[in-house]
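Here is how the chains run, residue by residue.
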Amino acid sequence: MDNNNHSYDLIIIGAGPAGLAAAIYTSRASLSTLVVDESMAGGQVKTTHQVANYPGFVDPIPGHELARNMRDQAARFGTRFELAADIAAIQLDGSEKTITVDNTTYSTKNIIIATGSSPRLLNVPGEIDYKGSGVSYCATCDGEFYKDKDVTVIGGGNSAMEESLLLLQMVKSLTVIHQFDELQAEKITANKVLSNPKTKILWSHEPREFIKNKDRMITLAENLKTKEIVKLESDGIFIFAGMVPNTGLVKRSKLNLSEQGYIITDENMETNLNGVYGAGDVRVKKYRQITTATSDGTIAALSIIQKR
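Here the structure is a predicted model, which means the values were calculated and not measured. (Residues numbered from 1 in each chain as written. Predicted model: local features only at pLDDT ≥ 70, side-chain atom pairs only at ≥ 80, totals over all residues. Heavy atoms only, no water.)

Asks: Mind showing me how you'd approach the overall build of the chain here?
Replies: Helix and strand counts for the chain stand at six helices and 21 strands. Counting across all 308 residues of the chain, residues that qualify as buried make up 48%. Excluding contacts between residues fewer than 6 apart, the proportion of contacts in the chain whose partners are at least 24 apart in sequence is 59%. Approximately 15400 Å² of the chain is accessible, and the part contributed by carbon and sulfur atoms is 47%. Each charge sign in the chain was given a centre, from 33 positive and 36 negative side chains, and these centres are 2 Å apart. (Helix = DSSP H or I, 4+ residues; strand = E, 2+ residues; numbered from the N terminus. Buried < 20%, exposed > 50% of the residue type's maximum accessible area, 1.4 Å probe, protein only. Contact = heavy atoms within 4.5 Å. Areas by Shrake-Rupley, 256 points an atom, 1.4 Å probe, with all protein chains shown as cover. Lys, Arg positive; Asp, Glu negative; His and termini not counted. Charge placed at Lys NZ, Arg CZ, Asp CG, Glu CD.)

Asks: Explanation requested: the sheet that holds strand β1 (residues 7-8) in the structure shown.
Replies: Through backbone hydrogen bonds, the strands of a sheet pair up, either in parallel or in antiparallel fashion. Spatially, four strands are ordered β1-β9-β8-β7 in an open sheet, and the strand pairing comes out mixed. Edge strands, defined here as strands with exactly one partner in the open sheet, are β1 and β7 (87-91). Summarising the sheet, β1 and strand β9 (residues 104-108) pair through two bridges and their orientation is parallel. Within the sheet, the bridge partner assigned to Y8 lies in β9 and is T108. (Pairing = 2+ DSSP bridges.)

Asks: Even after reading the chapter, I still don't get the packing of helix α1 (residues 17-28) against helix α6 (residues 290-306), so can you show me in this structure?
Replies: Packed helices, taken two at a time, are described by their axes: the angle between them and the distance between them. Axis separation between α1 and α6 bottoms out at 7 Å; the angle between their running directions is 35°. Relative to α6, the crossing made by α1 is right-handed. For the pair α1 and α6, contact is made by P17, A18, A21, A22, Y25 and T26 and by I290, A293, T294, G297, T298, A301, L302 and I305, respectively. (Axes fitted to C-alpha atoms, helices over the stretch in contact; angles between N-to-C directions. Left-handed = near helix turned anticlockwise from the far one by under 90°.)

Asks: Got a minute to help me understand the side chain of R283 in this structure?
Replies: Along the chain, the position of R283 falls in the loop between β21 (276-278) and α6. Here T265 takes part through its side chain, which lies 3.1 Å from a polar atom of the side chain of R283. Sequence-distant contacts of R283, that is, excluding residues within four places in its chain, are made with Y262, I263, T265, M269, G278, R288 and D296. (Polar contact = N/O pair within 3.5 Å; in protein donor to acceptor, adjacent residues only side chain to side chain.)

Asks: What is the right way to look at the packing of aromatic side chains in this model?
Replies: In this description, an aromatic ring pair is defined by two values, namely the gap between the centres and the angle between the planes. This model, assessed by the stated rule, comprises four aromatic pairs. Aromatic pair Y54 and F57: ring centres 6.2 Å apart, planes at 45°, arrangement tilted. For Y54, a relative accessible area of 19% translates into the label buried. Taking the centre distance of 5.4 Å and the plane angle of 75° together, the rings of Y146 and F238 count as edge-to-face. (Phe/Tyr/Trp six-rings, centres within 6.5 Å; stacked < 30°, edge-to-face > 60°.)

Now the structure itself:
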């Protein structure tokens, strides 16, 4: 393709598993495809130490390696990439969609939004400092590193309790810090956590600071009733305060979003805007895993290919 031609058959925003899976399919089908991401390729996968539940790999594979393989596979079929890009503007209305990247405008008739979601931050001192080094947001990703160790879990909702059940299969002890006097998760899940002898609960507390002391993590938590600050020591901290969809780029568009900000699609990944698709963790869905993201990307790609 002429390098001066900035028009593509498809532009994909987001280079995580959903976007890369879509690019593999559309590039193989000879659709000129551009993948744009404000970071590097891989999405959350690239920061995952090891992935043990992705089909086709008998042994766990480092997340960054899986992400690189997906990117290289898409590139081999002809996908073009704009990574670490400054996305200045996006226009989704009309038959011709445009995206402005680093002062260059690209146009297309089809666009896939696959920008993913991010863990909701507590904005507690030390949280960002020790992210990936004592503070985690994913039991599936990092739980194995805390085998026979003590962990602290922040949160009491469904995701927190489901992740806690996974952690309880590995850790020596698990202490839940929760701001209320009862868990907000479904009772059947909450009861499984509460009945486990490894579990301790710190009710009516909120974390105020995370501190690292050599290999140990210290959580300073405030008792919301007495205002007393308690010090809790463990090997690692898992924060489950929910996820936030990365839809900042499209919030001013006419794209239909849920109350939580996720993109609403049909089973073909199509949105309310003609030629605009949503795929992966950024769309309304029940489960958010690498496999479900690649599935979304595949469906979006096939929907576009069949309409060609």
